[in-house]
Protein chains: 2
Amino acid sequence: MISRDHFLNNIFKTSDFSDEELAVIIPKFKKVAFPKNDFILEEGKTENHYWFIESGFARSYVVNTEGKDISTNFYAVGDIVIDWTSFFLRNPTRENIQALTDCVCWQLDFDTFQELFHGIRSFREQGRTTLVNSYFSLKEQSVAMIADQASQRYLKLLREKPHIIQNISLKHIATYLGVTDTSLSRIRKEISSE
Amino acid sequence: MISRDHFLNNIFKTSDFSDEELAVIIPKFKKVAFPKNDFILEEGKTENHYWFIESGFARSYVVNTEGKDISTNFYAVGDIVIDWTSFFLRNPTRENIQALTDCVCWQLDFDTFQELFHGIRSFREQGRTTLVNSYFSLKEQSVAMIADQASQRYLKLLREKPHIIQNISLKHIATYLGVTDTSLSRIRKEISSE
DNA sequence: AGGTTTTCTTGCCCTATGACAAGTTTTATT
DNA sequence: AATAAAACTTGTCATAGGGCAAGAAAACCT
């Protein structure tokens, strides 16, 4: 019997799962802890798991040809931590995912995912929706990179994900927004002086 | 009986479909033609279809707050034309998709898609893979916007999709690459003089 | 607490790209 | 073919943001 206030119950409660389905799904997840700075995923490995974050912060990044890292995403409580491409295409990843603080996560492996995906209609509907939501966010950010000034991208992030601004270091946020840390520092100054 | 050289047979042949499955799937598609400049999808509408292009070129774009359009993708023979977000989340789209030449397409509607997706395991595996591939391309382009110079993004497009460079107007390619048409013209000049 | 490392800010100058405008070439239309 | 309309190029000048380096402030040891 799954406790009514189990973390994963809150994750799944917005979807159309029956109690019976949740009783099948939730026990498949395994609790794991990542200490601060630990790598949840490393470039070159093929991802065989994903996680939901119960506590802590993480970020994903890629390293470009000049050896600089570029943050591609940030993960906070309730977020799914997954490299969609590596997980589903069974390819070595280009991404690194790193715990920025101590993290507690709930993990599912690929085979179990497949079993649930093909076995439970609402699970695959929910999985598809989660992926499409990620796609949507990425597209929004991608269009903003072309259409908006860096300061507007910063303000949007501040508006929509203030917990990221408050908990992630400026240099990581800067690369995510496509500017240098120097520029982001100036953008902050500019904004606070208004 | 589906002809062995039916266009859709070539689309699906790379996946693990049995002949029986193909005989179920392919007849569900409906042939449609879009004349040049026709809108395949318009902002504000909820997308109830997707298409495979048998011939022609199309592009998708969003209009930003200043009224300028930004190309988000180009579609050529064999490509899937779909607004993933609108199609799966059943939301009004922000995108416009426009035929740049006369196009012949094969169309599937949402309800039929759902029937195949939930009914045929290999169909949903293939659908998921297609979506993840789109996600991958978007991410690549997104990281390139931050990590690479405009000229490198142009060269990459030229290398990977020469048919796009050859058939799509400079101004559309420019917004896709995140530069003005003026800049792209200079980039071309710069490259050809090397 | 004292020292070390990391994070953030600021100054100076530079570069890639944008804005605008005037040509030129290509394509479409009658 | 003649005309109009796009598409593309090029010039001049402006600007957002980058590169580098020096401090200041904060976080992290042991």
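None of the values given here were measured: they were computed from a predicted structure.

Looking only at helices and strands, one finds 9 helices and 8 strands in chain A. Considering only C-alpha atoms, chain A reaches an extent of 55 × 35 × 30 Å along its principal axes. Partitioning the intrachain contacts of chain A with sequence separation of at least 6 by distance along the chain shows that 68% fall at a separation of at least 24.

All names here are of chain A. At their nearest, the axes of helix α8 (residues 170-177) and helix α9 (residues 181-192) sit 8 Å apart, and the two run at 100 degrees to each other. Overall, the two elements α8 and α9 adopt an arrangement that is roughly perpendicular. Facing α8, whose interface residues are L170, K171, I173, A174 and L177, α9 presents D181, L184 and S185. Considered class by class, the residues forming the contact of α8 with α9 number 5 nonpolar, 1 polar and 2 charged.

In the vicinity of DNA strand D there are 16 residues, among which A:A150, A:S183, B:S169, B:L170 and B:S185 approach most closely. Of all the secondary structure elements, the ones that give two or more residues to the surface near DNA strand D are α6 (150-160) and α9 of chain A together with α8 (170-177) and α9 (181-192) of chain B. In terms of residues, the surface near DNA strand D owes the most to one element, α9(B), which gives 6 residues. A breakdown of the residues in the surface near DNA strand D according to their chemical character gives 3 nonpolar, 8 polar and 5 charged.

Glancing now at the interface of chain A and chain B. Contacts between chain A and chain B engage 26 residues on the former and 27 residues on the latter. Breaking the side of chain A that touches chain B down by element, the ones donating at least two residues are β5 (69-75), α3 (84-89) and α5 (121-147) of chain A. Per-element accounting of the side of chain A that touches chain B gives the leading share, 16 residues, to α5(A).

Let us look at the domain arrangement of chain A. Residues and elements named next belong to chain A. You can read the domains of chain A as domain 1 (7-143) and domain 2 (148-194). Placing the centre of domain 1 and that of domain 2 at their C-alpha centroids yields a distance of 25 Å. On the domain 2 side, the residues contacting the 8 residues of domain 1 number 7 residues. With 4 residues, the top contributor of residues to the side of domain 1 that touches domain 2 is β5. For the side of domain 1 that touches domain 2, a count of residues per class yields 5 nonpolar, 1 polar and 2 charged.

Let us now look at the pairing of strand β3 (residues 49-55) of chain B. Residues and elements named next belong to chain B. Here 6 bridges tie β3 to strand β8 (residues 103-109), and the two strands are oriented antiparallel to one another. In the strand pairing of β8, Y50 is matched with L108. Sheet topology places β3 next to strand β6 (residues 80-81); 2 bridges connect them, and they run antiparallel. Its bridge partner being in β6, W51 is matched across the sheet by V81.

Glycine aside, residues mostly have negative phi angles, and peptide bonds mostly take the trans form. Within the chain, A:R90 stands out as a residue other than glycine whose phi angle is a positive 60 degrees. Among the structural elements, A:R90 can be located in the loop between α3 and β7 (96-99).

This part covers the sheet that holds strand β1 (residues 30-34) of chain B. The strand order across the open sheet formed by 4 strands is β1-β8-β3-β6 (chain B), and the pairing between neighbours is antiparallel. Whereas interior strands pair on both sides, the edge strands pair on one side only; in this sheet they are β1 and β6 of chain B.

In this section: the packing of α6(A) against α9(A). All names here are of chain A. Between α6 and α9, the shortest axis-to-axis distance is 10 Å and the interhelical angle comes to 75 degrees. Compared by their axis directions, α6 and α9 come out roughly perpendicular. For the pair α6 and α9, contact is made by A150, S151 and Y154 and by S183, L184, I187, E190 and I191, respectively. Of the residues that constitute the contact of α6 with α9, the class distribution is 5 nonpolar, 2 polar and 1 charged.

On to the protein's contact with DNA strand C. Residues in contact with DNA strand C amount to 16 residues; listed here are only the nearest, A:S169, A:L170, A:S185, B:A150 and B:S183. Counting residues per element, the ones that place at least two in the surface near DNA strand C are α8 and α9 of chain A together with α6 (150-160) and α9 of chain B. Sort the elements by how many residues they give to the surface near DNA strand C and α9(A) lands first, with 6 residues. Looking at the surface near DNA strand C, its residues break down into 3 nonpolar, 8 polar and 5 charged.

Turning next to the relation of the copies chain A and chain B. Note on the copies: chain A fits chain B at an RMSD of 0.0 Å, the axial shift is 0.0 Å, and the rotation between them is 180 degrees. Considering both components of the superposition, the chain copies are consistent with a two-fold axis. Judged by C-alpha distance, A:S142 is the residue of chain A that lies nearest the rotation axis, at 2.7 Å. With an isologous cut-off of 70% or more, the 100% of interface residues of chain A that recur at the interface of chain B puts this contact in the isologous class.

A:A58, A:V81, B:A58 and B:V81 are the most contacted members of the largest nonpolar core, which has 73 residues in total. Ignoring sequence-local partners within four residues, the contact set of A:V81 consists of A:I40, A:Y50, A:W51, A:I53, A:A58, A:Y75, A:I97 and A:C105.

Procedures and definitions
Residues numbered from 1 in each chain as written. Chains lettered and ligands numbered in written order. Predicted model: local features only at pLDDT ≥ 70, side-chain atom pairs only at ≥ 80, totals over all residues. Helix = DSSP H or I, 4+ residues; strand = E, 2+ residues; numbered from the N terminus. Contact = placed C-beta atoms within 7 Å. Axes fitted to C-alpha atoms, helices over the stretch in contact; angles between N-to-C directions. Parallel < 35°, antiparallel > 145°, perpendicular 65-115°, else oblique. Nonpolar A, V, L, I, M, F, W, Y, C, P; charged D, E, K, R; others polar. Near = placed C-beta within 6 Å. Domains from an automatic or database assignment. Pairing = 2+ DSSP bridges. Least-squares fit on C-alpha atoms with pLDDT ≥ 70 in both. Core = buried A, V, L, I, M, F, W, Y, C linked by C-beta atoms within 7 Å. Buried ≥ 20, exposed ≤ 12 C-beta atoms within 10 Å, placed from the backbone.

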